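# Structural overview for review
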Amino acid sequence: MRYAVLPQAGVVKIEEKPIPPVEDDKVLINVKMCGICGTDTLIYKGIFHVNFPYSPGHEYSGVVVDAGKKVCSVKVGDRVTVNPNHECGLCSYCRSGLPNHCENLKKPGIKSNGGFAEYVSVPEKIVYRIPDNISFKEATLIEPVSCVLHMVDEAGMKAGDLVVIIGGGTMGLISLLLCKNYGARTVILSEPVEYKRALAKQLGADLTCDPAKESLSSLVKEVDRYGADVVLDNVGSSNTIYEGYKCLRKKGRLTISGLNSDKTDIPIPSQDIVKNELTVKGVFLNPNTIIRAIGLTASGVYPLDYLITHEFELSEIDRAFDISMKGEAVKVLVRMNGQE
Ligand SMILES: [Zn+2]
Ligand SMILES: [Zn+2]
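In short, a report on the structure.

Thresholds applied
Residues numbered from 1 in each chain as written. Chains lettered and ligands numbered in written order. Predicted model: local features only at pLDDT ≥ 70, side-chain atom pairs only at ≥ 80, totals over all residues. Heavy atoms only, no water. Donors = N, O, S within 2.8 Å, 3.2 Å for Na, K, Ca; no water. Tetrahedral: all angles 85-135°; square planar, octahedral: opposite > 155°, others 65-115°. Helix = DSSP H or I, 4+ residues; strand = E, 2+ residues; numbered from the N terminus. Buried < 20%, exposed > 50% of the residue type's maximum accessible area, 1.4 Å probe, protein only. Contact = heavy atoms within 4.5 Å. Core = buried A, V, L, I, M, F, W, Y, C linked by side-chain atoms within 4.5 Å. Salt bridge = Lys/Arg side-chain N within 4 Å of Asp/Glu carboxyl O.

To continue, consider the coordination of the zinc ion (ligand 2). For a metal with four tetrahedral donors the ideal donor-metal-donor angle is 109.5 degrees, whereas six octahedral donors ideally subtend 90 or 180 degrees. Protein-derived ligands of the zinc ion (ligand 2) are C88 (SG), C91 (SG), C94 (SG) and C102 (SG), with the metal-ligand distances lying across 2.4 Å. Considering all four donor atoms around the zinc ion (ligand 2), the spread of angles at the metal, 100 to 118 degrees, places the coordination shape in the tetrahedral class. Going along the chain, you hit the donors of the zinc ion (ligand 2) in the pattern C-x2-C-x2-C-x7-C.

Glancing now at the environment of P131. Counting through the fold element by element, P131 comes out in the loop between β7 (127-129) and α3 (136-139). Judged by relative accessible area, P131 falls into the partly exposed class, the value being 30%. Separated by 73 residues in sequence, P131 and H58 place their C-alpha atoms 20 Å apart. Those residues in contact with P131 that sit more than four places away from it in its chain are R79, I294 and A298.

The protein atoms donating to the zinc ion (ligand 1) are C37 (SG), H58 (NE2) and E59 (OE), with metal-donor distances spanning 2.2 to 2.4 Å. In primary-sequence terms, the residues that donate to the zinc ion (ligand 1) follow C-x20-H-E. Linking C37 in the loop between β3 (26-36) and α1 (38-44) with H58 in the loop between α1 and β4 (59-67), this pair joins segments that are 21 residues apart in sequence. The same class applies to C37 as to H58, namely buried.

So, on to the nonpolar core. The nonpolar side chains of soluble globular proteins are, as a tendency, buried together. Counting residues in each nonpolar core, the largest one holds 43 residues, and the members touching the most others are I142, V163, L173, L176, C179, L232 and L304. When near neighbours in sequence (up to four residues on either side) are disregarded, I142 contacts T81, I130, I134, I290, A293, I294 and T297. The next biggest cluster of nonpolar side chains, apart from the first, holds 36 residues, and it includes Y3, V120, F312 and A329.

With that settled, the discussion passes to the pattern of salt bridges. It is possible for side chains of opposite charge to pair when their charged atoms get near one another. Under the criterion given, the structure shown has 22 salt bridges. Between E311 and K137 there is a salt bridge; the shortest N-O distance is 3.0 Å. Linking E311 in strand β14 (residues 308-313) with K137 in helix α3, this pair joins segments that are 174 residues apart in sequence. Judged by its relative accessible area of 22%, K137 falls in the partly exposed class. With a closest N to O distance of 2.6 Å, R335 and E311 form a salt bridge. With a gap of 24 residues between them, R335 in strand β15 (residues 331-335) and E311 in strand β14 connect regions that are remote in the sequence. Accessibility expressed as a relative area gives 30% for E311, which makes it partly exposed.

Encoded structure:
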């Protein structure tokens, strides 16, 4: 079988290896589609550290072609996706209902056995069946949808809120779709790339902001002098976090999902946090939200197709990585077997 591997940062190659064995508790998936995630590009660029050689890809869908003898929740022929954030189930965090903080978090994509491969063999417990009305393409977005659900939950968003979204990539645009459906009264999305701002408008953003040209917090205060109830920062740089904080009204909530390598201190005055009862919190991964993400995707309410801007064959993986690092790409998908 063919699969993609990064022998080192900045290089992606297709290699051959035998189809992986199916142990008792594992499921062999014939992968159909796999999306390039921000994490994959950070690994490719050498910003997010992993051991090389490394097999990227954790947002994928496919069909079960074999299952070990202990497997009971899926069978051959089932259409599936995976939750790549694979918790141990045994540590103190797992037993407290916090699988995203598992001490032994295993990411198949972050170790090996990545999704840009014709076949993957993965533990049954990370495999989820998807209904027929979710396409293999849409199914690659279930993991990002589940992460956004966690972010919006943690932000405590309520109908009628003024919401600011920082970043118009996959996470930002899914946040936009969710917040509009949750009844946000106004959603303002900040994104430097014009194409993504236009896409955000098409997907329902009330206003967009080009942060290279105008101050996001001033724009927000023009719309409502008190500021935003909720800010969702999908970028997570010191600049965006500080600007996000400046957008908040009293009692406002800022959640940060972007993992940025910039280590600059953020000068948020502690008195403001205390007197204005601000919430500034990080959100990580997708604890217990995959089932809801599958349901939402199946509901068809969310036009997730719009987020898929490019598609490539596995043999073109280097081009897929190239394009995904360019500004205009939102979600770049790779087809494993020349079919959907
Ligand atoms: Zn991802
Ligand atoms: Zn654990």
